[in-house]
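Each chain, letter by letter, is given below.
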Amino acid sequence: MLVLSISSLKGGVGKTSVTLGLASAAYNRGIPTLVVDMDPQADSSTGLDVPTSTRVDIADVLAAPKSQKILSEAIIPSGWVGDRLGHLDVISGSPRAAEFDRPSLSERYLRRLQDALTRIAKGYRLVLIDCPPSLNGLTRTAWTASNRVAVVTEPSLFSVAAADRALRATDELRQRGAADLQPLGLVVNRVRAGSTEHDYRIQEMREMFGPLVLNPPLAERAVLQQAQGSARPIHSWPGKPAEDVAGSFDALLERALRSENIRGRRGAAPAKNGAQQSEKK
């Protein structure tokens, strides 16, 4: 089971849109997938057509991570697949999860999501975790449970700086005990074709982070917001623009799955020279 956190340390860069795009790609391929909505705003839950007022949600799972009963009740099918458990399930987000978003949490608290996910590992090939846009307790709890972190950024000065902080933070958390954690890389989102500023910032990121800048960059397309506003997967939206966007998410998903296969063959030992070296092996 690959556990992939989708993160950013800057709000408004489209982190949830990337989560939903990857969920759509996985669902389209029939990959058994669980989306865990760790963001108290619960936007992923809304985009997956899941009520944000479910009786049991991520806050209950974090409060009692070893309760099989709570975990079973918290996992519900996405509205994309109808009323039955299918290839895409969700643990819905909750404003109550904010109580776990304290800056300082013990190692025991940080492992609560990991404890819960170990109890459902046989049911899924992929777990996608939509993290809050901060580096407090919820994000670090998600990273502790993850094999990989995809950092979502935009081609702008402040987003580049936030991406650098996120990559450094993953390296620090790995050294402090999250031995399986590695960066998948940077997902450059909302790229406008023909923008000189965007071209410059993408080149800047490639010079700074090398192969950690993932291909393809995600173009800014209204069709993605239209699909998400209708709580539908982008792969089911008609038209060539939607097909192009879906293809980009297919490529990112394939990169994520391929990275886990490489990790499984070569082991999870961290690279000696930091985050960038992990992708150069």
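Positions within a chain are numbered from 1, following the residues in the order the chain's sequence is written. Under the rules for a predicted model, residues below a pLDDT of 70 receive no local features and side-chain atom pairs below 80 are neither given nor counted, while totals for whole chains, interfaces and linings still include all residues. Water and hydrogen atoms play no part in the side-chain values, which are based on all heavy atoms of the structure.

Per an unreviewed UniProt entry, the protein chain is named Chromosome partitioning protein, and its organism is Brevibacterium epidermidis.

We now examine the overall build of the protein chain. Helix and strand assignments follow DSSP, with helices taken as H or I runs no shorter than four residues and strands as E runs no shorter than two, numbered in order from the N terminus. Across its full length, the protein chain holds 12 helices and 7 strands. Its C-alpha atoms give the protein chain a radius of gyration of 17 Å, near enough to 19 Å, the size a compact globule of 281 residues would have. When the backbone C-alpha atoms are referred to their principal axes, the protein chain occupies close to 50 × 45 × 35 Å. Using a 1.4 Å probe on the protein chains alone, a residue whose accessible area is under 20% of its type maximum counts as buried, one over 50% counts as exposed, and one in between counts as partly exposed. With 281 residues in all, the protein chain has 55% of them scored as buried. The contact criterion used throughout is that any non-hydrogen atoms of two residues lie within 4.5 Å. Sequence separation of at least 24 residues holds for 78% of the intrachain contacts in the protein chain that already meet a minimum separation of 6. When the accessible surface of the protein chain is summed, it comes to about 12100 Å², and 49% of that surface belongs to carbon and sulfur atoms. To get the radius of gyration, use the C-alpha atoms; to get the globule rule, take the number of residues to the power 0.38 and multiply by 2.2 Å. Only the protein chains shown count as cover for residues, and all accessible areas are computed by the Shrake-Rupley method using a 1.4 Å probe.

Working note: regular strand, side chains alternate between the two faces of the sheet. A two-sided burial pattern is seen for strand E4 (residues 88-91), the buried positions comprising Leu88 and Val90 on one face and Asp89 and Ile91 on the other. Alignment of strand E3 (residues 75-77) against E4, held across 3 bridges, turns out to be antiparallel. What sits directly across from proline 77, in E4, is aspartate 89. Two strands pair under a simple rule: DSSP has to find at least two bridges between them.

Of all the 8 residues making up helix H7 (residues 137-144), 8 are buried; the element is thus mostly covered by neighbouring parts of the structure. Restricting attention to buried positions, one finds in H7 the residues Gly137, Leu138, Thr139, Arg140, Thr141, Ala142, Trp143 and Thr144.

This part takes up the environment of glycine 210. Looking at the secondary structure, you find glycine 210 in the loop between helix H9 (196-209) and helix H10 (222-229). Residue class for glycine 210 comes out partly exposed when judged on its relative accessible area of 24%. On a C-alpha basis, the gap between glycine 210 and serine 159 in space is 17 Å, while along the polypeptide they are 51 residues apart.

This part is about the side chain of threonine 170. Examined against the element boundaries, threonine 170 turns out to sit in helix H8 (residues 157-175). A residue is classified by how much of its surface remains accessible, and threonine 170, at 1% relative accessible area, is buried. A polar contact is formed between the side chain of threonine 170 and the backbone oxygen of leucine 167, at a distance of 2.7 Å. Excluding residues that lie within four positions of it along the chain, threonine 170 makes contacts with Trp143, Val149 and Leu181. For this analysis, a polar contact is any N or O atom pair within 3.5 Å, provided that within protein one partner can donate a hydrogen and the other can accept it, and provided that sequence-adjacent residues contribute only side-chain to side-chain pairs.

Turning our eyes to something else, we now look at the sheet that holds E3. Taken in spatial order, the 7 strands of this open sheet run E3-E4-E2-E5-E1-E6-E7, and their pairing is mixed. Strand pairing shows two members of the sheet lacking a second neighbour, E3 and strand E7 (182-188), which therefore form its edges. Strand-to-strand, the axes of this sheet are offset by a mean angle of 25 degrees, without reference to chain direction. In terms of strand pairing, strand E2 (residues 33-37) meets E4 through 4 bridges, oriented parallel. Residue leucine 34 lies in a different strand from E4, and its bridge partner there is aspartate 89. The angle between two axes is taken between their N-to-C directions and runs from 0 to 180 degrees, where each axis is a line fitted to C-alpha atoms and a helix contributes only its stretch in contact. Each of strand E6 (148-153) and E7 is contacted by H8, which is oriented at about 165 degrees to E6, the strand it contacts most.

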